[in-house]
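Analysis of the macromolecular model
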Amino acid sequence: MKKLVFATNNAHKLEEIRAILGDKIEVLSLNDIDCHADIPETADTLEGNAALKAEYIYKNYGLDCFADDTGLEVEALDGAPGVYSARYAGGEGHDSEANMKRLLKELEGKDNRRAQFRTVICLIEGGEEHFFEGIVKGRIIEEKRGGSGFGYDPIFVPEGYTETFAEMGGEEKNKISHRARAVQKLCAYLNK
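This report concerns the structure included in the present document.

Each value, and the rule that gives it
Residues numbered from 1 in each chain as written. Predicted model: local features only at pLDDT ≥ 70, side-chain atom pairs only at ≥ 80, totals over all residues. Heavy atoms only, no water. Phe/Tyr/Trp six-rings, centres within 6.5 Å; stacked < 30°, edge-to-face > 60°. Helix = DSSP H or I, 4+ residues; strand = E, 2+ residues; numbered from the N terminus. Buried < 20%, exposed > 50% of the residue type's maximum accessible area, 1.4 Å probe, protein only. Pairing = 2+ DSSP bridges. Right-handed = clockwise from strand over helix to strand, strands pointing away. Disulfide = S-S within 2.5 Å.

Details of the packing of aromatic side chains
Here the structure, examined in full by the defined rule, presents five aromatic pairs. Aromatic side chains Phe117 and Phe165 sit 6.0 Å apart centroid to centroid with 20° between the ring planes, which places their arrangement in the stacked category. With Phe117 in strand β5 (residues 114-125) and Phe165 in helix α4 (residues 165-168), this pair connects stretches of sequence that are 48 residues apart. On the basis of relative accessible area, Phe117 is assigned to the buried category, the value being 5%. Here a set of aromatic residues connected by ring pairs shows up, and it is made of Phe117, Phe156 and Phe165.

Put into structure tokens, the structure is as follows:
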């Protein structure tokens, strides 16, 4: 079975990716390869951050790997928070509550609530880089709904649905999410 390192320690992302890839590929986390470095995400694009993480693993561990970066891009905010989605409210770490609060405040009184989640995956296999993108369009609602998911899931309703990602539950979300779409392209490439 093919082994790939997924350059993350985010348990939610790892679970989501493993569920999408199934048993075709063994996905190892950074923990599994004993990597405890805080890999910098200093690029100003999703592509750049995904590449930085994958290149770090490939260069330091010599293992085929992939990394992703995801952003929520809100039309009325000129694509913000985008690459800064995880740190939108400022401060250290990923404070989802604070991030959602800031976003909802900035959208107060705005009619245009169109948004999209975009995931970019960078795969490094045998030293070659490949990029895969997944997008899901939707809108930001005015207050949080649902208890599952993570990040901005409680305030994002994908196009064609009435439930937020947080109301859907993992199985449903994994079929249509931005990450699922990027991973499906990754799978198609790996299964060629």
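Moving on, there is more to tell.
A short note on the pairing of strand β1 (residues 2-6)
Two elements, β1 and strand β2 (residues 25-28), share four bridges in a ladder whose sense is parallel. Bridge pairing in β2 links Lys2 to Ile25. With respect to chirality, the unit in which β1 leads through helix α1 (residues 11-21) into the neighbouring parallel β2 is right-handed. Bridging between β1 and strand β3 (residues 65-74) involves two bridges; their strand directions are parallel. Each bridged residue has a counterpart across the sheet, and for Phe6 the counterpart in β3 is Phe66.

So, the state of the cysteines
Taken as a whole and judged by the stated rule, the model has zero disulfides. You can see Cys187 has no disulfide; the closest cysteine sulfur is in Cys65, sitting 16 Å from it. For Cys187, a relative accessible area of 11% translates into the label buried.

Thoughts on the pairing of β5
The buried fraction of β5 is high, at 11 of 12 residues. Examined bridge by bridge, β3 and β5 share 10 bridges and lie antiparallel to one another. By the bridge assignment for β5, Glu73 is matched with Gln116. The pairing of β5 with strand β6 (residues 128-140) spans 12 bridges and is antiparallel.

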